[in-house]
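Architecture at a glance
Okay, here's what each chain looks like letter by letter:
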Amino acid sequence: MPPSLRAPRGTRDLLPDERAAFARLERTALELAARYGYRVMETPLFEQAALFERGIGAVTDVVEKELFRVLPSRGEEREAWALRPEATAGVCRAYIEHGMQTLPQPVRLSLTGPMFRYDRPQAGRYRQFWQWDVEAIGDAGPAIDAELVELGARFYRDAGLTDVEIVLNSIGDPACRPAYLARLVAHYRAHLVRLPELERRRLETNPLRLLDSRDPAMTEVNEGAPRITDHLCAACGEHFAGVRAHLDAMGVAYRLEPGLVRGLDYYTRTAFEFYRRGAEGQQQALGGGGRYDGLVELLGGKPTPGIGFALGLDRVVLALDATGGGRPAEGAPVAVVVGADPADTVGRLRVATGLRDAGLPVRADLSVRKLGRQLEAAVREGAQFAVILGDELATGDVQLRDLDGGSQKPVPLVDLPALLRRKVRS
Ligand code: AMP
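Sequence order as written defines the numbering, with residues in each chain counted from 1. Given that the model is predicted, a residue must reach a pLDDT of at least 70 before its local features are reported, and side-chain atom pairs must reach 80 or more before they are shown or counted; all residues, however, enter totals for whole chains, interfaces and linings. Side-chain calculation: all heavy atoms of the structure are included, whereas hydrogens and water are not.

**Section: the overall build of the chain**
Runs of E in the DSSP output that reach at least two residues are strands. Runs of H or I that reach at least four are helices, and both are numbered from the N terminus. A count of helices and strands for the chain gives 14 helices and 16 strands. Just to be clear, the radius of gyration here is over C-alpha atoms, and the globule rule we use is 2.2 Å times residues to the power 0.38. In terms of overall dimensions, the chain is more spread out than a globule: its C-alpha atoms have a radius of gyration of 28 Å, far above the 22 Å expected for 426 residues. Considering only C-alpha atoms, the chain reaches an extent of 90 × 55 × 45 Å along its principal axes. By definition, residues are in contact when any of their heavy atoms lie within 4.5 Å. For the chain, the share of sequence-separated contacts (at least 6 apart) that also reach a separation of at least 24 residues comes to 69%. Carbon and sulfur atoms form 52% of the exposed surface of the chain, whose accessible area is close to 20700 Å². Each charge class in the chain can be summarised by its mean position, and for the 56 positive and 58 negative side chains these summaries are 3 Å apart. Every accessible area reported is derived by Shrake-Rupley at a probe size of 1.4 Å, with residue values counting cover from the shown protein chains alone. For the purpose of charge, His is not counted, nor are the chain termini; Lys and Arg are scored as positive and Asp and Glu as negative. Charge coordinates come from a single atom per side chain, which is NZ of Lys, CZ of Arg, CG of Asp or CD of Glu.

What follows is the structure, given as structure tokens:
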């Protein structure tokens, strides 16, 4: 292969060890989704670009800079498409398109799958990454907000991450945010000379984003910024107090962070993120979510409240690797069927197939090489046993060699499934 042919920058192959770690996280996510009553669905990997432009907001990074636009090379359709950068907009589009407002509310939905953002790749930031997404559409909360936050926190615990912190804020709603934004803009205007170029531009388009700027020059300016939680309207204040009261009642610990804003336009009120304790400074949230009470209407549906989260699975795998909780050892066969007659691949495959019929993870050595080499390969694979086919086969026996202990004894072929089944490592 010419060296120029590689996985695109910002993407990677999930080789079997890492894929197994992902599969385990997906199983945890789907089991929790079922336990909490979230039904699994899928949306297309690409959608009309307008869905994201409208639903996420044209002046967000995700749409302005990070959208992977899809141009069909031929055909009649001249629609502009984009790979999905997140799941919420697609799920809400599906909710409207399939008339889910007629179902009992809230509609609880969940999906896992790849998302795409044309971002600058770095550790923990990819152009294709995987999320577990959960949405509850049709409940104005605040109890459901707390239930979702608790669900997210439980996922990390069940996945094996014990040091995950919940960070919580309210970002108001269209009733109180404009007045707050005016104060915020006034504050930044008073410090205009200290604002970096990007922040100056954002001040005009999306001033809330300055609060979670990654630029160190902003730290001090932000310390003096007005806090949205000091300027919530009565309804938003009550909602926020309700979310906290429900979390407190469940014994869920969280940290209030008035600087937490979500990068996407459609969020209202509750916003939350999950961080590994001590890793907040790296701007690497493990996951995040929030309420989006205006989104369904914005996309053409009836006014409908909603809340959801998206947890990045790549970052959980990285965090598990970092804490040594890493990768499940999977895939080693319980036995490899080898043979004294290198040419008898038929015999080996027949015996292996019989054992697989009995549900056992078994491999047949299909190479035409000497028995010694076949046995070496079985050991390298991590198999517990070698089933050796030799002359005894004429009387219905095989040799069963314990590759860990080295002992070997003849066993009737008919007894082999039951015997091996007892030995499968759990
Ligand atoms: P967001 O919708 O940006 O809040 O993303 C939710 C979660 O998805 C984040 O907390 C990350 O764990 C994960 N995530 C977002 N963008 C990326 C990326 N480019 N690479 C890897 N994970 C990501």
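Next, the rest of the story.
**With respect to the environment of Asp 397**
Looking at the element boundaries, Asp 397 is found in strand S15 (residues 397–402). Expressed as a C-alpha distance, the spacing of Asp 397 and Asp 415, which sit 18 residues apart in the sequence, is 9.4 Å. Those residues within four positions of Asp 397 in sequence are excluded, and the remaining contacts are Glu 392, Pro 410, Val 411, Pro 412 and Leu 413.

**Re the pairing of strand S16 (residues 408–412)**
For two strands to be treated as a pair, DSSP must find at least two bridges joining them. In this structure, S15 lies alongside S16, joined through five bridges in antiparallel fashion. What sits directly across from Asp 397, in S16, is Pro 412. Count of turn residues in the S15/S16 antiparallel hairpin: five residues, of which Gly 406 carries a positive phi of about 95°.

**Here we look at the sheet that holds strand S13 (residues 362–364)**
The strand order across the open sheet built from five strands is S13-S12-S14-S15-S16, with neighbouring strands paired in mixed fashion. Edge strands, defined here as strands with exactly one partner in the open sheet, are S13 and S16. The average undirected angle you get between the axes of adjacent strands in this sheet is 30°. Geometry is summarised by axes, namely lines fitted to C-alpha atoms with helices restricted to the contacting stretch, and by angles between N-to-C directions that run from 0 to 180 degrees. Along the sheet, helix H12 (residues 345–357) contacts strand S12 (335–339), S13 and strand S14 (385–389); its crossing angle with S13, the most-contacted strand, is approximately 170°. Helix H14 (residues 416–423) rests against S12, S14, S15 and S16 of the sheet, and its axis sits at about 10° to S15.

**Remarks on the domain arrangement of the chain**
How big an interface is tends to be stated in terms of accessible area lost as the parts join. Each domain of the chain was delimited in the assignment, giving domain 1 (16–176 + 232–323) and domain 2 (335–423). Reported domain spans reflect what an automatic or database domain assignment gives. With centres defined by C-alpha atoms, the gap from domain 1 to domain 2 works out at 49 Å.

**Focus on the site of the ligand**
Whether a residue is near a molecule or strand depends on its heavy atoms: it is near if one of them lies within 4 Å of it. For the ligand, the set of nearby residues contains 13 residues, the closest of which are Arg 117, Tyr 126, Gln 131, Arg 262 and Leu 286. Whenever a nitrogen or oxygen atom comes within 3.5 Å of another N or O atom, the pair is scored as a polar contact, on the condition that within protein one atom can donate a hydrogen and the other can accept it, and that pairs from neighbouring residues in sequence are kept only if both atoms are in side chains. Gly 287 is positioned with one of its backbone polar atoms (N or O) 3.1 Å from an oxygen atom of the ligand. Contact distances for the ligand include 3.4 Å between an oxygen atom and a backbone N or O atom of Gly 312. Bound to the protein, the ligand loses 90% of the 480 Å² it would expose on its own. Going through the elements one at a time, strand S6 (128–137) and strand S11 (306–312) are the ones with two or more residues in the shell around the ligand. Residues that form the shell around the ligand fall into these classes: five nonpolar, four polar and four charged. Side-chain classes follow a simple rule in which Ala, Val, Leu, Ile, Met, Phe, Trp, Tyr, Cys and Pro form the nonpolar group, Asp, Glu, Lys and Arg form the charged group, and the remainder, Gly included, forms the polar group.

**Observations concerning the side chain of Glu 26**
Locating Glu 26 in the fold gives a position in helix H1 (residues 16–36). Exposed residues in this analysis have more than 50% of their type's maximum accessible area, buried residues have under 20%, and partly exposed residues fall in between, with area computed by a 1.4 Å probe over protein chains only. For Glu 26, a relative accessible area of 17% gives the class buried. If we skip the residues at most four places from it in the chain, Glu 26 touches Arg 19, Thr 112 and Leu 313.

**Observations concerning the sheet that holds strand S4 (residues 81–83)**
The sheet built from three strands is open, its strands ordered S2-S4-S3 with antiparallel pairing. Pairing within the sheet leaves two strands with one partner each, and these edge strands are strand S2 (46–48) and strand S3 (69–70). Relative to S4, S3 is paired through two bridges, and the arrangement is antiparallel. Looking at the pairing, Val 70 lines up with Trp 81 of S4. Contacting S2, S3 and S4, helix H2 (residues 49–56) runs over the sheet at an angle of about 75° to S2.

**Observations regarding the pattern of salt bridges**
Salt bridge, as used here: a side-chain nitrogen of Lys or Arg that lies within 4 Å of a carboxyl oxygen of Asp or Glu. Enumeration according to the criterion identifies 22 salt bridges in this entry. A salt bridge links Glu 18 to Arg 12; the shortest N-O distance between them is 3.2 Å. With a closest N to O distance of 3.0 Å, Arg 108 and Glu 147 form a salt bridge. Taken together, the positions of Arg 108 in strand S5 (residues 107–116) and Glu 147 in helix H5 (residues 143–159) put the pair 39 residues apart, joining distant regions of the chain. A relative accessible area of 24% places Arg 108 in the partly exposed class. On the accessibility criterion, Glu 147 (25% relative accessible area) is partly exposed. Among the charged side chains, a network of salt bridges with common partners joins Glu 165, Arg 255, Glu 257 and Arg 277.

**Some words on the nonpolar core**
Here the nonpolar core consists of buried residues drawn from Ala, Val, Leu, Ile, Met, Phe, Trp, Tyr and Cys, with membership extended through side-chain atoms lying within 4.5 Å. Of all hydrophobic cores here, the largest spans 92 residues; its most connected members are Tyr 38, Trp 132, Leu 151, Phe 155, Tyr 156, Tyr 188 and Phe 274. Among the elements that make up this core, the one with the highest residue count is H5 (nine residues). What Tyr 38 contacts, discounting residues up to four positions off in sequence, is Ala 33, Arg 108, Leu 109, Ser 110, Val 134, Glu 135, Ala 136, Ile 144, Glu 147, Leu 148 and Leu 151.

**Looking at the pairing of S15**
Taken together, the four bridges between S14 and S15 define a ladder with antiparallel strand orientation. For Val 387, the partnering residue across the bridge sits in S15 and is Leu 400.

**Some details on the environment of Val 63**
Looking at the secondary structure, you find Val 63 in helix H3 (residues 61–64). Among residues more than four places away in sequence, those in contact with Val 63 are Phe 52, Glu 53, Ile 56, Gly 57, Ala 58 and Arg 69.

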